[in-house]
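Below, each chain spelled out in residue letters.
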Amino acid sequence: MAPETREEKVKRITDRIHKDRGFVYDVLGFGAELDPDYFEVYCQMHWGFFKEETRHLDPKTRELIEIGLLAFKGMKHEVYTHSKKALRLGATMEEVLEAFEVASIGGGAPVLMEGLYALKRIHDEQQAEESK
């Protein structure tokens, strides 16, 4: 088999990110184009280790933990994308909300607010999609 070209490697890496996230951040795709070797390792470190398989925690539970941490850090976009991923992995809106409620005990009201903004955005998108 012929060795993988640089373009094929970049496509494989960005396809992998897209499969996990549902999209590729422009900057990650750009980074993969600049240095595919680094971003292959980066993707393995960030997404490849856990994949969507159960280890000690199931993937949905890991996402619910992640969204609380991201909300605590004030990472609006990431709270939104990881909330969508938690829902895709089978969480209900109520479970996602509960993750923010629990995280707000230690992280304060801003954690809950970040979560509510993300959930409202997702809800509104779902409503708009249903009305089409």
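Owing to the predicted nature of the structure, the values given are computational and were not obtained by experimental measurement.

**Q** Explain the overall build of the chain to me, and be specific about the residues and the numbers.
**A** Summing up its helical and strand segments, the chain has seven helices and zero strands in all. Its C-alpha atoms give the chain principal-axis dimensions of about 55 × 40 × 25 Å. Within the chain, buried positions represent 34% of all 132 residues. If you average the places of the 19 positive and of the 25 negative side-chain charges in the chain, the two averages end up 2 Å apart.

**Q** So what's going on with the pattern of salt bridges? Which residues, and what values?
**A** Scanning the entire structure with this criterion turns up 12 salt bridges. One salt bridge in this structure joins Lys9 and Asp37, with 2.3 Å as the shortest N-O distance. Here Lys9, found in helix α1 (residues 6–21), pairs with Asp37, found in helix α3 (residues 36–48); they are 28 residues apart in sequence, far enough to count as distant. The salt bridge partner of Lys120 is Asp124, with a shortest N-O separation of 2.8 Å. Of this pair, Lys120 and Asp124 both sit in helix α7 (residues 109–130), separated by four residues, roughly a single helical turn. Classification of Asp124 by relative accessible area gives partly exposed; the value is 36%. Connected via shared salt-bridge partners are Glu4, Lys9, Arg12, Asp37 and Glu40.

**Q** Could you give me a rundown of a nonpolar patch on the surface, with the residues and numbers involved?
**A** A grouping of Leu57, Ile65 and Leu69 is seen on the molecular surface, where their side chains present a nonpolar patch of about 270 Å² in accessible area. Within the secondary structure, Leu57 sits in the loop between α3 and α4 (59–72). Taking relative accessible area as the criterion, Leu57 reaches 37% and is therefore assigned partly exposed.

**Q** Hey, could you go over the packing of helix α6 (residues 93–107) against α7 for me, with residue numbers and the actual values?
**A** Their axes nearest at 7 Å, the elements α6 and α7 cross at an angle of 160°. If you check the angle between α6 and α7, you find them roughly antiparallel. Between α6 and α7 the crossing geometry is right-handed. Only Ala109, Pro110, Val111, Leu112, Gly115, Leu116, Leu119 and His123 of α7 make contact with α6, whose side of the interface consists of Met93, Val96, Leu97, Phe100, Glu101, Ala103, Ser104 and Gly107. Tallied by class, residues from the contact of α6 with α7 come to 11 nonpolar, four polar and one charged.

**Q** Help me get a handle on the packing of aromatic side chains, residues and values and all.
**A** Per the counting criterion, the structure on display carries three aromatic pairs. Ring centres 5.1 Å apart and planes at 80° place the aromatic pair Tyr38 and Phe39 in the edge-to-face group. Residue Phe39 is classed as buried on the basis of its relative accessible area of 14%. Here the guanidinium or amino end of Arg121 rests over the ring plane of Tyr80, the centre of that ring lying 3.5 Å away.

**Q** Give a description of the environment of Val79 that names residues and reports values.
**A** With respect to the secondary-structure elements, Val79 resides in helix α5 (residues 76–88). Sequence spacing of Val79 and Ala91 is 12 residues, and the spatial spacing of their C-alpha atoms is 14 Å. Not counting residues within four places of it along the chain, the set of residues in contact with Val79 comprises Ile67, Leu70, Ala71, Phe100, Glu114, Gly115 and Ala118.

The rules behind each value
- Residues numbered from 1 in each chain as written.
- Predicted model: local features only at pLDDT ≥ 70, side-chain atom pairs only at ≥ 80, totals over all residues.
- Heavy atoms only, no water.
- Helix = DSSP H or I, 4+ residues; strand = E, 2+ residues; numbered from the N terminus.
- Buried < 20%, exposed > 50% of the residue type's maximum accessible area, 1.4 Å probe, protein only.
- Lys, Arg positive; Asp, Glu negative; His and termini not counted.
- Charge placed at Lys NZ, Arg CZ, Asp CG, Glu CD.
- Salt bridge = Lys/Arg side-chain N within 4 Å of Asp/Glu carboxyl O.
- Patch = residues over 30% accessible without salt bridge, like charges linked within 9 Å, V, L, I, M, F, W, Y side chains within 5 Å.
- Areas by Shrake-Rupley, 256 points an atom, 1.4 Å probe, with all protein chains shown as cover.
- Axes fitted to C-alpha atoms, helices over the stretch in contact; angles between N-to-C directions.
- Parallel < 35°, antiparallel > 145°, perpendicular 65-115°, else oblique.
- Left-handed = near helix turned anticlockwise from the far one by under 90°.
- Contact = heavy atoms within 4.5 Å.
- Nonpolar A, V, L, I, M, F, W, Y, C, P; charged D, E, K, R; others polar.
- Phe/Tyr/Trp six-rings, centres within 6.5 Å; stacked < 30°, edge-to-face > 60°.
- Lys NZ or Arg CZ within 6 Å of the ring centre and 35° of its normal.

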